[in-house]
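Chains, contacts and geometry: an overview
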Amino acid sequence: MRVRPKENKIFNPRMECMSRDELRELQSKRLRETVKLEYENVPLYRGRMDARGVKPEDIKTVDDLRFLPFIEKTDLRDEFPFGLLAAPKSEIIRIHGSSGTSGKPIVSGYTQNDVDVWTEVVARALTAAGGGKDDIIQVAYGYGLFTGGLGAHQGATKIGAMVLPMSSGNTQRQILMMKELGVTMLCCTPSYATFLGESIREMGISPEELNLKSGCFGAEPWSEEMRVNLEELLGIDACDIYGLTEICGPGVAFECLEKQGMHVNEDNFIIEIIDPVTEEPLPYGQSGELVFTTITKTGMPMLRYRTRDICRLNDAPCECGRTHVRMDRITGRTDDMLVISGVNVFPSQIESVLVGLDGVSPHYMLIVDRVKSKDKLEVQVELTEEMFSDTVAEIEKLRDDIKEKIKSVVGINTKVHLVPPKSIPRSEGKAKRITDNRKI
Ligand code: DLL
């Protein structure tokens, strides 16, 4: 790995390095405003708060957060598309989305204010990874409804960098541009970055021939081992970045070059860790489910959003000087959501495709693998007895149909493997439908 001096640039020192007491005051003030906004404009929140006998005036400080009801992905799905908007539709300037739990997508609406907040938090992340106006930043997250591409793009523009909006895929072209333009920073999923690194080596290019220095990698779980490998492959500093569509997208939390956990942008998001079963808040240091409350958003703010992501918080001071609490790597989920190449996939989505089809039984198995740093999903589906005795041509057609339908619902390519009737093991308890062979 190249040794370069550790830069410590901070995009918004006033906010990022604020004293904890001052931060708490600010959070409480912003929380009061958000609760009022939600209560007055979103029937779901008003109904839930009324049912608990909680009025906006009861929420005075961050400590009162625990009186508020939770909200979760299923609520976003049920209120799809605009039921949770706190602003008039005419104020919404952007929609982003991701997978819901059963085929129906979830979307989030952004006002100009929300895009500005989001842009700033990504600008902070890129600055923390050493970025500035002299950088050339290659954005290889997907552009579109997914928040990765546009999120990184906006933040990179904000810091005045030269942005290369490549979107994901087309690896040879990515590498050509990276080399010829002298790209200095890369933004994409860690698995795609690793794949790019391996492809660069295979093309006979050494990291020294590139100008890359660092990158912000996220949207999927990754490990310290993956970081070491990626840093070696590309000769860079690889920083983690976390976020989710419901809260804004990438930038909810990010790593500085100390690489000791991700600073949560606490002036915009209040973070809690709860026990997923009792729903009681847990102290710093204990592992539990992450819950976020947005306190600066106006389009579709979220009060106590249950992410299902499992992690730990760390409030020890960081060498970089930022005072915002850090979250460790995400170690798992409390539901069965898989993140495959950065795309959220629920087994129930696959099931919803299979249930409506003739010729297959509702028994299936998902096998996830990482081959040459690329995630692969194989869907094993059991044929019915009748279909099993059909012609090869018909079975092949069925396989192509399933693949096509899954692609249209989930948005990713899969390998569909049709297996004989009764060959998928039955379970007596909770069905085991996922085999994840990736070593993350
Ligand atoms: O993945 C936003 C994003 C884009 C984050 C680019 C970082 C970089 P969603 O598609 O809504 O949003 O998926 C959110 O992805 O609840 C986590 O389970 C997972 N996830 C996101 N970032 C990380 C990370 C974007 N750094 C879901 N580590 C979240 C582990 C992550 N998991």
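Residues numbered from 1 in each chain as written. Predicted model: local features only at pLDDT ≥ 70, side-chain atom pairs only at ≥ 80, totals over all residues. Heavy atoms only, no water.

**Here's the deal with the domain arrangement of the protein**
Under the domain assignment, the protein is made up of domain 1 (13-28 + 59-334) and domain 2 (340-436). A separation of 31 Å is found between the C-alpha centroids of domain 1 and domain 2. Summing the contributions of domain 1 and of domain 2, the shared interface buries around 1,200 Å²; its carbon and sulfur component is 48%. Across the contact surface, domain 1 and domain 2 share one salt bridge. Among the ionic pairs, Lys372 bridges to Glu202, the shortest N-O distance being 3.4 Å. At the boundary of domain 1 and domain 2, one finds three residue pairs in polar contact (both at pLDDT 80 or more). The element that contributes the greatest number of residues to the side of domain 1 that touches domain 2 is helix α8 (residues 190-202), accounting for five residues. When its residues are assigned to classes, the side of domain 1 that touches domain 2 shows four nonpolar, nine polar and four charged. (Domains from an automatic or database assignment. Buried area = accessible area lost by both parts, 1.4 Å probe. Salt bridge = Lys/Arg side-chain N within 4 Å of Asp/Glu carboxyl O. Polar contact = N/O pair within 3.5 Å; in protein donor to acceptor, adjacent residues only side chain to side chain. Helix = DSSP H or I, 4+ residues; strand = E, 2+ residues; numbered from the N terminus. Nonpolar A, V, L, I, M, F, W, Y, C, P; charged D, E, K, R; others polar.)

**Comments concerning the layout of surface pockets**
Gaps left between atoms are located by rolling a probe of water-molecule size over the structure's atoms. Its boundaries defined by the atoms lining it, the second largest pocket holds a volume of some 410 Å³. Along the wall of the second largest pocket there are 19 residues; nearest its centre are Arg24, Val62, Ile271, Glu272 and Tyr284. Elements represented by at least two residues in the lining of the second largest pocket include exactly α2 (20-41) and β10 (269-274). Element by element, the count of residues in the lining of the second largest pocket is highest for α2, at five residues. In terms of residue class, the lining of the second largest pocket is built from 11 nonpolar, one polar and seven charged. (1 Å grid on protein atoms, 1.4 Å probe; cavity = no way out; pocket = protein on both sides within 12 Å on 5 of 7 lines; lining within 4 Å. Points joined across faces, edges and corners; volume = space filled by probe spheres on them.)

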